[in-house]
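Per-entry structural report
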Amino acid sequence: MTAPTMTKPAPDTARSRSGERRRTARLVATLVMSAVALAYLMPFVLQLATSFKTDPQAAASPLGLVPDPFSLASYRQLFSGAEGVAFPTWLGNSVFIALVVTAGRVFFDSLAGYALARLRFRGRGLLTVLLISVMAVPGVILMIPKFLVVQYLGIYDTYTAMIVPLLVDAVGVFVMKQFFESVPREIEEAARVDGAGILRTYWSVVLPMARPALITLTILSFQGSWNEFTHFVVTAQSADHATLTTGLAQFVSGGLGAGTQYPLKLTAALLATVPVAIVFFVFQRHFVRGGNAGALKE
Amino acid sequence: MTTVTATSTSGTDPGRHVPSAVRRRSRREGRQGLWGWAFVSPMVVVLGLFLALPVVMALWVSLLNWDGQSNPFSGAADFVGLDNYKGLFADQGLTRTLFMTSLRNNLYYVLLVVPLQTALALGLALAVNQRRLKGKGVFRTAFYFPSVTSSIAVSTVFLFLFQSSGAVNSLLKWVGIQGPNWFTDARGLVWVALGSIGLVDPDSPPAALADHGALGLSWWDWLSGPSVAMCTIILLVIWTTSGTFMLMFLAALQDIPEAQLESARLDGANRRQTLRHVILPALRPVLFLVITLGLIGTWQVFDQVYVMSQGQPANTTLTPAFLSYSLSFKDAQYGTGAAISFVLLAIILVMTGIQRFVLRERDGRGRRRTRRTAR
């Protein structure tokens, strides 16, 4: 009986005190989180700052955030393609390959995904099982095998070898299959009963419905082919076929004056990051969705 | 509306014209079969030619002594049976020493990366998911952004950050620590730590450890822990992957029914109790998933090694994936390179097998939703 009377007068002050404490806690939490977020982004900030520095300055003040003098030398050097850094070639190859691969993946992945989800044909079950087992093969394991097959087919060091194997992506097919299975059948069945053929139903009824999934697939395909490295390492070697990833990797890891030229290296890396960064910030929720729903196995 | 009635009339066809209906359906299925195969044929060709066939070919090459010059399928190839595999495990020699070194390096790498990235991702997810936190989207973006960038580009950045007079060592100097020469420091972390408290002298290892060993490596080398150079790769990978895994944890956190949290609160549970008895148990399936994906990914580390160290210093950042590549393309030992690929595959399969087994034990209700990261 005494307890309630004891606490009765308290609430007013207690509430305001706890409210104050809560506000402080929130402030502290936000500050701590901001510090962690800053630590996460700091490498990119330093990279950006260093890209505008001169070599001596980058070496003297690696933590300096304000380039002084402000220099565009590394950008100019990259685009003039001097000193064995064939940046324009790398960029051209990366853009070309990423565009073709993205278009191919969106088209072929959705075709196959639709067939596996909807069309009844012999061998469908087996193909689905094979698809899932192919997805489980770790990518790095395939390096030597891919080289062997490309060599065997006589297409080593060609665009064909760099592009064709990437045109279909097992995970992408699976994502599209899952998507088509999740949309109601009625609409396309109605279209078919109305006399539309399978191809026409697919093209003008099914695909327009699949827009959100197609956007996600486009973005993930672009990101994947833009950042692709191991496949290009084992399927091509000449300087003409270097992409941003293989060219940059060779430039950075090769002993071309280790420890120097950091503004140049970081600028090249920065420019290789920018397209994906733009796509990421514009279409972020698709990244989030793709990262999460990537694939649902079993 | 017309389409709906069309469906219903054809659907309620009372079967008066059974033969023709059957014929029509079978014809339609025949057409579907044709279209079905037409639709999947690009997938079958590409995945068959560049995924399935290569694996079979590589399995064959792993049984050959092949230098990449001749046609390995002509019959003229030098068939050596399981010699390449023996060279990795049984026969004394440079190949085995290199392979065992790479296994040791990768094992320590896995032991550090998987727990750290999982814990960090979970911590970030819990922090970002806090109801009172403002600007969640900004934080989520900041933590996730490193994951979407090119591994080659961020490895370049880390090379710059960790150079001997670079940003990291400048920061360390501020707090009075003389940073190491990161990329040339082959000392094992275990011996550095024990050396700093005076237990062992890293420069003159005790004979008991240095003179005896197993599988081509001395005990001193086996027990060294990751080298200082390897730590840069470990830090880089934790930084890039934690964002992806954070998103998975976040999705699972948002799946927890609000009512469950509310009832815990009404029962008088404080925040820590809620975390321990409601939130963490609900996260268990995702936790296992994140660990599985971590185990699969960490055994494949290649890009970062290629850019940052090429296996150096003193082979302490050599990984099986990189060894397989360099043996094949630099030393023209394709048979051994292919054999390493299959050993790596076996390791990964065993890891995921164990993981699945544990998962089945703990989570027998069959909620086996597996998610994969975008590559």
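Definitions and limits used
- Residues numbered from 1 in each chain as written.
- Chains lettered and ligands numbered in written order.
- Predicted model: local features only at pLDDT ≥ 70, side-chain atom pairs only at ≥ 80, totals over all residues.
- Heavy atoms only, no water.
- Helix = DSSP H or I, 4+ residues; strand = E, 2+ residues; numbered from the N terminus.
- Buried < 20%, exposed > 50% of the residue type's maximum accessible area, 1.4 Å probe, protein only.
- Areas by Shrake-Rupley, 256 points an atom, 1.4 Å probe, with all protein chains shown as cover.
- Patch = residues over 30% accessible without salt bridge, like charges linked within 9 Å, V, L, I, M, F, W, Y side chains within 5 Å.
- Salt bridge = Lys/Arg side-chain N within 4 Å of Asp/Glu carboxyl O.
- Lys, Arg positive; Asp, Glu negative; His and termini not counted.
- Charge placed at Lys NZ, Arg CZ, Asp CG, Glu CD.
- Contact = heavy atoms within 4.5 Å.
- Buried area = accessible area lost by both parts, 1.4 Å probe.
- Polar contact = N/O pair within 3.5 Å; in protein donor to acceptor, adjacent residues only side chain to side chain.
- Nonpolar A, V, L, I, M, F, W, Y, C, P; charged D, E, K, R; others polar.
- Expected span 1.5 Å × (residues − 1).
- Bend = angle between axes of the 7 residues up to and from the residue.
- Domains from an automatic or database assignment.
- Axes fitted to C-alpha atoms, helices over the stretch in contact; angles between N-to-C directions.
- Left-handed = near helix turned anticlockwise from the far one by under 90°.
- pLDDT = per-residue confidence, 0-100.
- Phe/Tyr/Trp six-rings, centres within 6.5 Å; stacked < 30°, edge-to-face > 60°.
- Core = buried A, V, L, I, M, F, W, Y, C linked by side-chain atoms within 4.5 Å.

1. Observations concerning the overall build of chain A
- Each helix and strand in chain A was counted, giving 16 helices and zero strands.
- Burial statistics for chain A: of 298 residues in total, 51% are counted as buried.
- With an accessible surface of roughly 13600 Å², chain A has 66% of that area assigned to carbon and sulfur atoms.

2. Some words on a positive patch on the surface
- On the surface, Arg22(A), Arg23(A), Arg26(A), Arg132(B), Lys134(B) and Arg271(B) cluster together into a positively charged patch.
- Counting residues per element, the positive patch draws most heavily on helix 2 (residues 11-51) of chain A, which supplies three residues.
- On the secondary structure map, Arg23(A) appears in helix 2.

3. Looking at the interface of chain B and chain A
- Tallying the contact residues gives 97 residues for chain B and 103 residues for chain A.
- Of the roughly 8900 Å² buried where chain B meets chain A, counting both sides, 75% is carbon and sulfur surface.
- Our count for the contact surface shared by chain B and chain A stands at zero salt bridges.
- In this structure, the connection of chain B to chain A is made through seven residue pairs in polar contact (both at pLDDT 80 or more).
- When residues in the side of chain B that touches chain A are grouped by element, the largest group, 23 residues, is from helix 2 (residues 18-61) of chain B.
- Here the residues of the side of chain B that touches chain A are counted per class, giving 60 nonpolar, 26 polar and eleven charged.

4. A word on the side chain of Thr149(B)
- Relative to the assigned elements, Thr149(B) resides in the loop between helix 5 (136-148) and helix 6 (151-161).
- We classify Thr149(B) as buried; its relative accessible area is 7%.
- One polar contact links the side chain of Thr149(B) to the main-chain carbonyl oxygen of Pro146(B), over a distance of 2.8 Å.
- Thr149(B) has contacts with Phe44(A), Asn227(A), Thr273(A) and Val154(B), leaving out every residue within four places of it along the chain.

5. Points about helix 13 (residues 271-298) of chain B
Residues and elements named next belong to chain B.
- Counted at 1.5 Å a residue, the expected span for helix 13 with its 28 residues is 40 Å, but the 34 Å between its end C-alpha atoms falls short.
- Residue Arg284 marks the point of greatest curvature in helix 13, where the axis turns by about 50°; the proline Pro285 follows within four residues.
- The opening residue of helix 13, the one whose side-chain oxygen lies 3.2 Å from the backbone nitrogen of Arg272, is Asn270.

6. Focus on the pattern of salt bridges
Residues and elements named next belong to chain B.
- Considering all chains together, one arrives at six salt bridges over all chains under this definition.
- Of the charged contacts in the structure, one is a salt bridge between Asp185 and Arg187, with a shortest N-O distance of 2.7 Å.
- A relative accessible area of 40% places Arg187 in the partly exposed class.
- The partner of Glu262 in a salt bridge is Arg265, with the nearest N and O atoms 2.9 Å apart. Highlighted residues: Glu262 and Arg265, both in helix 12 (residues 258-266), separated by three residues, approximately one helical turn.

7. So, the domain arrangement of chain A
Residues and elements named next belong to chain A.
- If you check the domain split of chain A, you get domain 1 (2-75) and domain 2 (86-293).
- Facing ten residues of domain 1, the contacting portion of domain 2 comprises nine residues.
- In terms of surface lost to domain 2, no three residues of domain 1 exceed Gln47, Asp55 and Ser74, which account for 54% of the buried area on that side.
- Counting every contact that joins domain 1 to domain 2 gives zero salt bridges.
- Scanning the region where domain 1 abuts domain 2 turns up three residue pairs in polar contact (both at pLDDT 80 or more).
- When contributions to the side of domain 1 that touches domain 2 are tallied by element, the ones reaching two or more residues are helix 2, helix 3 (55-60) and helix 4 (73-80).

8. Section: the side chain of Arg118(A)
- On the secondary structure map, Arg118(A) appears in helix 5 (residues 87-118).
- From its side chain, Arg118(A) meets the backbone oxygen of Phe180(A) in a polar contact 3.1 Å long.
- In contact with Arg118(A), not counting residues within four places along its chain, are Arg124(A), Phe180(A), Glu181(A), Val183(A), Pro184(A), Arg185(A), Glu188(A) and Gln32(B).

9. Topic: helix 12 (residues 211-227) of chain A
- Compared with the 24 Å implied by 1.5 Å per residue over 17 residues, the 24 Å span of helix 12 of chain A between its first and last C-alpha is a close match.
- Counting buried positions over the 17 residues of helix 12 of chain A gives 13, a clear majority of the element.

10. Focus: unusual backbone geometry
- Of note, the bond from Asp68(A) into Pro69(A) is cis; its omega dihedral lies within 30 degrees of zero at 5°.
- Along the chain, Pro69(A) falls in the loop between helix 3 and helix 4.
- For the peptide bond that leads from Gln312(B) to Pro313(B), omega is -5°, which places it in the cis range.
- Among the secondary structure elements, Pro313(B) is positioned in the loop between helix 14 (303-308) and helix 15 (320-329).

11. Quick look at the packing of helix 5 of chain A against helix 12 of chain A
Residue and element names in this part refer to chain A.
- It is the contact of helix 5 with helix 12, at a shortest axis distance of 8 Å, that shows an interaxial angle of 145°. Crossing of helix 5 over helix 12 shows right-handed handedness. Here Leu91, Ser94, Val95, Ala98, Val101, Thr102, Arg105, Val106, Asp109 and Ser110 of helix 5 lie close against helix 12, whose contacting residues are Leu214, Leu217, Thr218, Ser221, Phe222, Ser225 and Trp226.
- Tallied by class, the residues present in the contact of helix 5 with helix 12 amount to nine nonpolar, six polar and two charged.

12. Things to note about a nonpolar patch on the surface
- Nonpolar side chains collect at one region of the surface, where Val274(A), Ile278(A), Val282(A) and Phe283(A) lie side by side and expose about 340 Å² of accessible area between them.
- With respect to the helices, strands and loops of the structure, Ile278(A) is situated in helix 15 (residues 262-282).

13. What about the confidence of the model for chain A?
- Here chain A averages 83 in pLDDT, and 87% of its residues register 70 or above.
- Below pLDDT 50 for its whole length, residues 1-10 of chain A participates in zero contacts with residues either more than four positions away or in separate chains.

14. What to know about the packing of aromatic side chains
- Evaluation of the coordinates by the stated rule reveals 43 aromatic pairs over all chains.
- An angle of 85° between the planes, with centres 5.4 Å apart, marks the rings of Phe79(A) and Phe87(A) as edge-to-face.
- We classify Phe79(A) as partly exposed; its relative accessible area is 46%.
- For Phe87(A), a relative accessible area of 1% gives the class buried.
- Cluster of aromatic residues (ring-pair linked, three or more members): Phe147(A), Tyr156(A), Phe229(A), Trp66(B), Phe302(B), Tyr306(B), Phe322(B), Tyr325(B), Phe329(B) and Tyr334(B).

15. Description of the confidence of the model for chain B
Residues and elements named next belong to chain B.
- On average, residues of chain B carry a pLDDT of 81, and 87% of them reach 70 or more.
- Mean pLDDT values for the elements of chain B range from 37 in helix 1 (residues 2-11) up to 93 in helix 4 (residues 94-128).
- In this model, residues 1-18 is a region of pLDDT below 50 whose contacts with residues beyond four sequence positions or in other chains number six contacts.
- Ignoring residues within four places in sequence, the model shows residues 363-375, a span with pLDDT below 50, making 37 contacts including any to other chains.

16. What about the nonpolar core?
- Counting residues in hydrophobic clusters, the biggest one holds 178 residues, and the most contacted among them are Met43(B), Tyr109(B), Phe143(B), Leu161(B), Met246(B) and Phe302(B).
- Looking at this core element by element, the count peaks at 17 residues for helix 11 (residues 228-255) of chain B.
- Split by domain, this core shows at least three residues from each of two domains, domain 1 (2-75) and domain 2 (86-293) of chain A.
- If sequence neighbours within four positions are ignored, Met43(B) has contacts with Ala112(A), Leu116(A), Leu131(A), Val168(A), Val173(A) and Gly48(B).
- If you look at the next biggest cluster of nonpolar residues, it comprises eight residues, including Ile97(A), Ile163(A), Leu166(A) and Leu167(A).

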